[in-house]
Amino acid sequence: MHSKQVRRRRLVLAVLVVISLILLTDYFGESPSSPLHTIQRGIVEVFSPIQQGASTVLSPVRDIGNWFSDTFKARSQVKQLKADNQKLVAELARARSALAENVQLSRLVGLDHSDSISSYHPVAANVISRDPIVWYLQIEVDRGSDDGIRVGDPVIGDGGLVGNVSTVGATYSEVTLITNHTMSEAAQVVDQKNDSGVLVPAVGDPNQLVMQYLPTNAQGIRTGNLVLTVGFKSGSLQDLYPPGIPIGTVTNFNQAALANNGTVHVSPVADLAHISVVQILTRPRARGVRAQLP
Amino acid sequence: MSISLSESWRLPVRLAILALLVVIIQEAALSQITIFGTSADLTPLVVMSVGLLAGSISGAIMGFGTGLLVDTVLFQTLGVTSLLYIAIGYWSGRLLELRDPSHGLVPMGVGAATTAFAGLGMALIQFLLGVDAPVSWLLLQQILVTVLVNTLIALPVYSFVRWVLRPVLPEDPRRRRRRAYTTGGLSPLEATAARARSRGRALTR
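Starting from 1, residues in each chain are numbered consecutively following that chain's sequence as written. Chains and ligands are labelled by the order in which they are written, letters from A for the one and numbers from 1 for the other. Only residues with pLDDT of at least 70 are given local features in this predicted model, and only at 80 or more are side-chain atom pairs given and counted; all residues enter the totals for whole chains, interfaces and linings.

**Regarding the overall build of chain A**
Helix and strand labels come from DSSP, where a helix needs a run of H or I of at least four residues and a strand needs a run of E of at least two; each type is numbered from the N terminus. Assigned secondary structure in chain A consists of four helices and 14 strands. Exposure is read from a count of other C-beta atoms within 10 Å of each residue's own; the residue is exposed at 12 or fewer, buried at 20 or more and partly exposed in between. C-beta atoms are placed from the backbone. With 294 residues in all, chain A has 31% of them scored as buried. In this description, any two residues whose backbone-derived C-beta atoms lie within 7 Å of each other are considered to be in contact. Intrachain contacts of chain A at a sequence separation of at least 6 include 60% that bridge at least 24 residues.

**Notes on the pairing of strand 13 (residues 264-268) of chain A**
Residue and element names in this part refer to chain A. Burial along strand 13 is one-sided: V264, V266 and P268 are buried, while H265 and S267, pointing the other way, are not. When strand 8 (residues 209-212) meets strand 13, the two strands line up antiparallel, connected through three bridges. Paired with M211 across the strands is V264, a residue of strand 13. DSSP bridges decide pairing: two strands pair if at least two such bridges lie between them. Relative to strand 13, strand 12 (residues 246-251) runs antiparallel, the two sharing four bridges. What sits directly across from V250, in strand 13, is V266.

**What about the interface of chain A and chain B?**
The partner chain B presents 43 residues to the 44 residues of chain A that form the contact. Among the elements of the structure, helix 1 (2-29), helix 2 (35-57), helix 3 (59-109) and strand 1 (122-130) of chain A are those that each provide at least two residues to the side of chain A that touches chain B. Per-element accounting of the side of chain A that touches chain B gives the leading share, eleven residues, to helix 1 of chain A.

**Remarks on the sheet that holds strand 13 of chain A**
Residues and elements named next belong to chain A. Spatially, 6-7-8-13-12-9 is the arrangement adopted by the six strands of the closed barrel, whose pairing is antiparallel. Neighbour-to-neighbour, the strand axes of the sheet open up by a mean angle of 40 degrees, direction not taken into account. One ladder, built from three bridges, connects strand 9 (residues 226-229) with strand 12; its direction is antiparallel. Residue pairing across strands places L226 opposite T249, the latter belonging to strand 12. Helix axes use the C-alpha atoms of the stretch in contact, all axes being lines fitted to C-alpha atoms, and the angles between their N-to-C directions lie in the range 0 to 180 degrees.

**Overview of the packing of helix 2 (residues 42-54) of chain B against helix 5 (residues 106-129) of chain B**
When two helices pack together, their arrangement is given by the angle between the helix axes and the distance between those axes. All names here are of chain B. The geometry of helix 2 relative to helix 5 is characterised by a closest axis approach of 9 Å and an angle of 130 degrees between their N-to-C directions. Relative to helix 5, helix 2 is oriented oblique. Judged by the twist between their axes, the crossing of helix 2 over helix 5 is right-handed. On the side of helix 2, the interface is formed by P44, L45, M48, S49 and L52, while helix 5 contributes P107, V110, G111, T114, T115 and A118. Any residue outside Ala, Val, Leu, Ile, Met, Phe, Trp, Tyr, Cys, Pro, Asp, Glu, Lys and Arg is labelled polar, Gly included; the first ten of those are nonpolar and the last four are charged. Of the residues assigned to the contact of helix 2 with helix 5, the class counts are seven nonpolar, four polar and no charged. Here the word oblique covers every angle except those under 35 degrees (roughly parallel), over 145 (roughly antiparallel) and from 65 to 115 (roughly perpendicular). By convention, the crossing between two helices is left-handed when the near helix turns anticlockwise from the far helix through less than a right angle, and right-handed when the turn is clockwise.

Now the structure itself:
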């Protein structure tokens, strides 16, 4: 009787482990259009309304929890933010002056300034689920193909770039954050020469980005410089992201790292850990043909 | 026959509802509350609690189901979390079957161990799958904070799972004995002691 129980227990364990390994191997080697992925999308499609409901119902709990967390965090940031504020007030005055000058000069050469965010047809979406594990870094939002969202659409929020849409269902979308290891973006540092490079997540640190391929002799880069999307266009190849969207600010600038490797560290502008509302740009190219993912 | 069949389904049905509920609460609310840069993870704690209460087979099956649900909902590689949670559920169940721990703080200790196992196991599997994120100090720090937070909430989670499963679990012999003592029933030890005392008295006479 006892040995029968032991055999049964071991059999159940072995069967479960084997099923898991088969799923893992099969899923890992499959393309996104394969049966396992399709089944997964179907299940998420069913789950999505339940998650939306749960997210709404549980929002007071979430808000209370975040209030405590934010209070502790805010207390430690007051001093730093006061210093930043003083610096930004001075920068704002300079920027306003530059903007006025820019408008005048633009009128002079006939440039069009209508490419604001609204011209990219943003769709507001609520975050309904979040990956708690440091490895995947993605969020699920409550808007999908029914709202005109497609794979590859840029996602912005909290004053900066958040990521792009990686999976779309009828009523939900999965957004891969810019700190995910699969992401990289063309970006430029707002310095004297607008030096550009490629922004990738810092290996081993999901809250940091690294800007690579900068000119090693770049002079104007300093801690606090803003980093923006480039929105390049080269023949038929176009950037997924519109130009001028803030991505982050240069942190812990190290001249030696720039001179040796052409890299600087960047902190995302958007608070990706707390973001609850995002905007999906459904027409990333305000005019002309948009970039397409394969 | 129909009564016994419905009774045999009561535990799996409760486990399935519990898994569904926990995954939804985790993804829709808890994972969006950050504490020192990370968030509590209920799922390994629930799997651990099921193992500690219902045994190794139920624990392993619960681990498989919950892990699969987490992977599906989060668009992760299917099977990764299942593999880890099977181990958590199975070994928590084996702990119950082999040691039958009675101390009230056992869920805290096992909760901490299972959370650490889940965090480090996930890191190892991701490393083997080729994710470009080697173990860093920040990652270890996040795992440590999650372990700390999960240790604090392990007891309430265990109590909740026990409350959900108690009506469908086979009666715990320890609880039965304890009830017999408090309601005036004789424990086998007391009966033996009473017999020995009366025998001693007879001999002295």
